[in-house]
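Per-entry structural report
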Amino acid sequence: MIGLISATAAGAAARDRLAAAWPDRTRVYGGPVADAVRAAFAECDRLVCFLATGAVVRLVAPLLHGKADDPGVVCVDEAGRYAVSLLGGHGGGANELAREVGEVLGAEPVVTTATDAVGLPGLDTLGLPVEGDVAAVSRALLDGEAVALRAEVTWPLPPLPVAAEGAYTVRVTDRIVEPGDGEAVLRPPTLVVGVGASKGAPVEEVLGLVGDALREAGLSAASVAELATVDAKAGEPGLVEAARRLGVPLVTHAAQALARVAVPNPSEAPLAAVGTPSVAEAAALVGGGKLLVPKRKSAGSPAMATCAVVRRPGRGRLAVVGLGPGARDLLTERARDELRRASVLVGLDQYVDQIRDLLRPGTRVLESGLGAEEERARTAVAEARRGQAVALIGSGDAGVYAMASPALAEASDDIDVVGVPGVTAALAAGALLGAPLGHDHVSISLSDLHTPWEVIERRVRAAAEADLVVTFYNPRSRGRDWQLPKALAVLAGHRAPATPVGVVRNASRADESVRLTTLAALDPATVDMMTVVTVGNTATREIAGRMVTPRGYRWQEETR
């Protein structure tokens, strides 16, 4: 919950705007400001104070306990111009809250946390438990000192400017280790604990068994990702409470699925009870991985719980990112986030140049020239299979005549794949032309490098006969100068010479050009690969210099 506190009418107005935008996330605190701050500080995860920063500092100073416990605090000035992350930037979530408040109120977020200011991911913002000399390692990263990365287990981390050797170390491990001087230890969630339990198994017995198994194997409880069991035990109170106390989900699997998992220690007892010869080992192994702790029983008499521990390999992550048509303000926030998250960026050199300034320090860039789409797709998938966080970029929308198709053709289910949509060329061009895509429409690429011309021509003819608005991608190049005239001739057999045609080159870029012509007047020689050609249907009209396709023929007839 986010507590909202204000002292003046102007502050209250901004406070109420935020409360209206986030009705389920916020609580307004009234009364004397000092009392309101004390109450909100004790009851809320984060605070937004519509007060001067100095006043908030004096009010919260007596309430501070420690970095791990205090809520995040954001201050918004009386004029609503700035949202200042004052306290708990990382741990308390104030940095992100300042950005969110800024979006709602139109305020500029002010974040002074050192790592955020220079574009480095804070070690305490990676979503992983972290311990050790975090402050010293973070300072070393900021100061450009040599920081070594020791990854004992694979996990897709964001980019960090690390070296092979250094006086400071970021260690990635799921083992119980004592961090050394100048060492920060990250705990990735690599461990799955399979558990079986008799009816009524006490939670203390389950937790004791799990704790002993991890400790004796030298494994950290902070790296446990889930407890796993058979679905017949989904409501077993001891298992449910054990998962709650460990802070992990209780994941259940059907007995039939567990019965298909090969295990070293099957048993007749669970087969008779729940329909599978193994619960603990099978539930831990069902998603693959290495069995680190075979089935063991709890110390009770009789034993009422069993467990096994598996290390699952960290899955690499491939984000296929659409950059939009080229203008920075048409690059989505989700795309920006993925670019900052990726430790490896793969893309066409000219597209990399567009967003190079958005990459975090330490990002490894693998760029290549025109005509290497399949090679880039294979490279991106291979990097993801190595456990990296990869962004594969393309212009427009990555799923439209871009990198998503070859990448997903290469990828299997051994990596996570995320698609990030972008503003594709047809949409960017359409917005400049007016509303040419107001009714049914189709996009067709005229490049026959990968598709036989006979197939392309058949599709153009079908679109012509169906009276669809057609947007041509890749319409003409130096080596392909006859395809566009042939496609236009096919359309001309079904549409009037005066049919509006929009020609947009470099949509949204500094040198963009927009022309509205007709099917009869269009000169194909004026078109190149940077151009999108949109041909209207029989209902499309030029209205006030704009290309408009009505949403229906009936609407058009009624307005004549």
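Please read these numbers as outputs of a predicted model, since none were measured by experiment. (Residues numbered from 1 in each chain as written. Predicted model: local features only at pLDDT ≥ 70, side-chain atom pairs only at ≥ 80, totals over all residues. Heavy atoms only, no water.)

Re the pattern of salt bridges
- Within this structure, the stated rule accounts for 33 salt bridges.
- A salt bridge links Arg81 to Asp77, with the shortest nitrogen-to-oxygen separation between them at 3.6 Å.
- Judged by relative accessible area, Arg81 falls into the exposed class, the value being 53%.
- Take Asp77: its relative accessible area is 21%, and that puts it in the partly exposed class.
- Between Arg340 and Asp337 there is a salt bridge, with its nearest N and O atoms 2.6 Å apart. Remark: Asp337 and Arg340 occur in helix H12 (residues 333–341); sequence separation between them is three residues, near one turn of the helix.
- Its relative accessible area of 27% is what places Arg340 among the partly exposed residues.
- For Asp337, a relative accessible area of 40% translates into the label partly exposed. (Salt bridge = Lys/Arg side-chain N within 4 Å of Asp/Glu carboxyl O. Buried < 20%, exposed > 50% of the residue type's maximum accessible area, 1.4 Å probe, protein only. Helix = DSSP H or I, 4+ residues; strand = E, 2+ residues; numbered from the N terminus.)

Focus on the nonpolar core
- Residues Val193, Val195, Val206, Leu214, Leu227 and Val309 are the most contacted members of the largest nonpolar core, which totals 22 residues.
- For this core, the secondary structure elements donating two or more residues are strand E11 (191–197), helix H7 (203–216), strand E12 (224–230), helix H8 (237–246) and strand E15 (305–311).
- The leading source of residues in this core is H7, at six residues.
- Ignoring any residue separated from it by four or fewer positions in sequence, one finds Val206 in contact with Ala201, Gly238, Leu239, Ala242 and Ala305.
- Counting residues in hydrophobic clusters, the runner-up holds 21 residues, among them Phe472, Leu488, Val501 and Val503. (Core = buried A, V, L, I, M, F, W, Y, C linked by side-chain atoms within 4.5 Å. Contact = heavy atoms within 4.5 Å.)

Here we look at the sheet that holds strand E4 (residues 72–76)
- Strand order in the open sheet formed by six strands is E2-E1-E3-E4-E5-E6, with mixed pairing between adjacent strands. Taken across any chain shown, the strands that pair with only one partner, and hence form the sheet edges, are strand E2 (26–29) and strand E6 (108–110). Ignoring strand direction, the axes of neighbouring strands in this sheet form an average angle of 25°.
- Across four bridges, the pairing between E4 and strand E5 (residues 82–87) is antiparallel. Each bridged residue has a counterpart across the sheet, and for Cys75 the counterpart in E5 is Val84.
- Its contacts with the sheet place helix H1 (residues 9–21) against strand E1 (2–6), E2 and strand E3 (46–50), and it is angled at close to 160° to E1.
- In the packing of helix H2 (residues 33–43) onto the sheet, the strands contacted are E1, E2, E3, E4 and E5, and the crossing angle to E1 comes to about 170°. (Pairing = 2+ DSSP bridges. Axes fitted to C-alpha atoms, helices over the stretch in contact; angles between N-to-C directions.)

Observations concerning the packing of aromatic side chains
- Applying the stated rule across the entire model yields two aromatic pairs.
- Ring plane angle 50° and centroid distance 4.7 Å describe the contact between Tyr401 and Tyr473, whose orientation is recorded as tilted. Residue Tyr401 is found in the loop between strand E19 (389–394) and helix H15 (404–410), and its partner Tyr473 is found in strand E23 (residues 469–473); the two are separated by 72 residues along the sequence.
- With a centroid separation of 5.2 Å and 75° between ring planes, the pair formed by Trp453 and Trp482 is classed as edge-to-face. On the criterion of sequence distance, the pair formed by Trp453 in helix H17 (residues 453–465) and Trp482 in the loop between E23 and helix H18 (483–492) is long-range, its members being 29 residues apart.
- If you follow Arg25 out to its NZ or CZ, it ends over the ring of Trp22, 4.3 Å from the centre. (Phe/Tyr/Trp six-rings, centres within 6.5 Å; stacked < 30°, edge-to-face > 60°. Lys NZ or Arg CZ within 6 Å of the ring centre and 35° of its normal.)

Structural notes on the sheet that holds strand E9 (residues 168–172)
- The strand order E7-E10-E9-E8 describes an open sheet built from four strands, whose pairing is mixed. The sheet is open, and its two borders are formed by strand E7 (130–132) and strand E8 (147–151), each paired with just one other strand. Going across the sheet, the axis of each strand differs from the next one's by a mean of 20°, ignoring polarity.
- In this structure, E9 lies alongside strand E10 (residues 183–186), joined through four bridges in parallel fashion. Pairing of Arg171 across the sheet is with Val185, part of E10.

Quick word on helix H6 (residues 134–143)
- Of all the positions in H6, only Val134, Ala136, Val137, Ser138, Ala140 and Leu141 are classed as buried.
- Contacts made by the buried residues of H6 are with E7, E8, E9 and E10.
- Downstream of H6 by a residue or two, Gly144 has a phi angle that is positive, lying close to 75°.

Some points on the confidence of the model for the chain
- Chain-level statistics for the chain give a pLDDT mean of 90 and a share of 97% at 70 or above.
- For the chain, per-element mean pLDDT is lowest for helix H19 (residues 553–558), which scores 56, and highest for H17, which scores 97. (pLDDT = per-residue confidence, 0-100.)

Let's talk about the side chain of Ser6
- Residue position: Ser6 is located in strand E1.
- Owing to a relative accessible area of 11%, Ser6 belongs among the buried residues under this scheme.
- Those residues in contact with Ser6, other than ones at most four positions away along the chain, are Gly11, Ala12, Arg15, Val33, Phe50 and Leu51.

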